[in-house]
Amino acid sequence: MAATKMTQSQLIKELAAMVEVPNKVAKAFTVAYAEMAIKETKKSGVSVLPGIGRLVRVDRKARIGRNPATGEAIKIPAKKVVKFRVAKAVKDAIVPPKAKK
């Protein structure tokens, strides 16, 4: 059986219940939290989400790639991308590390 994903409204309801606030306050918090993370990543290149991970802006260099349909070499320009780096505690909680022998 496939697990269902948590929707935004389910997340807001659960967050509101956990901290005992109305749904509107929980929604306002999540929106403000996301906006703050975006603003900080734009400004400094990194935004730490405590206990979860960090958003990191990375500059990719220009490179040569291949068109998969024709095999022709193409130039891929330099660009900025955003990556999410998961905190070690979260990674270990979701996928426990294998025990060493």
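Refer to the structure presented above.
Residues numbered from 1 in each chain as written. Predicted model: local features only at pLDDT ≥ 70, side-chain atom pairs only at ≥ 80, totals over all residues. Heavy atoms only, no water.

Once that is clear, we can look at the environment of Tyr33. Considering the arrangement of structural elements, one finds Tyr33 in helix H2 (residues 23–44). Measuring from C-alpha to C-alpha, the distance between Tyr33 and Lys13 comes to 16 Å, with 20 residues separating the pair along the chain. Leave out the neighbours within four places in its chain, and Tyr33 touches Leu49 and Pro50. (Helix = DSSP H or I, 4+ residues; strand = E, 2+ residues; numbered from the N terminus. Contact = heavy atoms within 4.5 Å.)

On the basis of which strands lie adjacent, the open sheet formed by three strands has the order E1-E2-E5 and antiparallel pairing. Every other strand in the sheet has two partners, leaving strand E1 (46–49) and strand E5 (79–86) as the edge strands with one partner each. With direction set aside, neighbouring strand axes in the sheet form an average angle of 20 degrees. Bridge count for strand E2 (residues 53–60) against E5 is eight bridges, and the pairing is antiparallel. Along E5, the bridge assignment pairs Val56 with Lys83. Docked against the sheet, H2 engages E1 and E2, running at close to 145 degrees with respect to E1. (Pairing = 2+ DSSP bridges. Axes fitted to C-alpha atoms, helices over the stretch in contact; angles between N-to-C directions.)

Our focus in this paragraph is the pattern of salt bridges. Side-chain pairing between opposite charges can occur once the charged atoms of the two side chains come close. Within the structure shown, the criterion is met by two salt bridges. Between Lys88 and Asp92 there is a salt bridge; the shortest N-O distance is 2.7 Å. Linking Lys88 with Asp92, this pair stays in helix H3 (residues 88–94), spanning four residues, or about one helical turn. (Salt bridge = Lys/Arg side-chain N within 4 Å of Asp/Glu carboxyl O.)

We now examine helix H1 (residues 8–19). Here H1 contains 12 residues, and its C-alpha end-to-end distance of 17 Å stays within 8% of the 16 Å for a straight helix at 1.5 Å per residue. At the exit of H1 stands Glu20, carrying a positive phi of roughly 55 degrees. (Expected span 1.5 Å × (residues − 1).)

Next up on the list: a positive patch on the surface. Where like charges cluster on the molecular surface, the positive patch consists of Arg54, Arg60, Arg63, Lys79, Lys83 and Arg85. Put simply, the parts of the chain that give the positive patch at least two residues each are E2 and E5. The element contributing the most residues to the positive patch is E5, with three residues. The residue Arg54 is located in strand E2 in this model. (Patch = residues over 30% accessible without salt bridge, like charges linked within 9 Å, V, L, I, M, F, W, Y side chains within 5 Å. Areas by Shrake-Rupley, 256 points an atom, 1.4 Å probe, with all protein chains shown as cover. Lys, Arg positive; Asp, Glu negative; His and termini not counted. Charge placed at Lys NZ, Arg CZ, Asp CG, Glu CD.)

Keep in mind that these numbers describe shape and distance, not what the molecule does.
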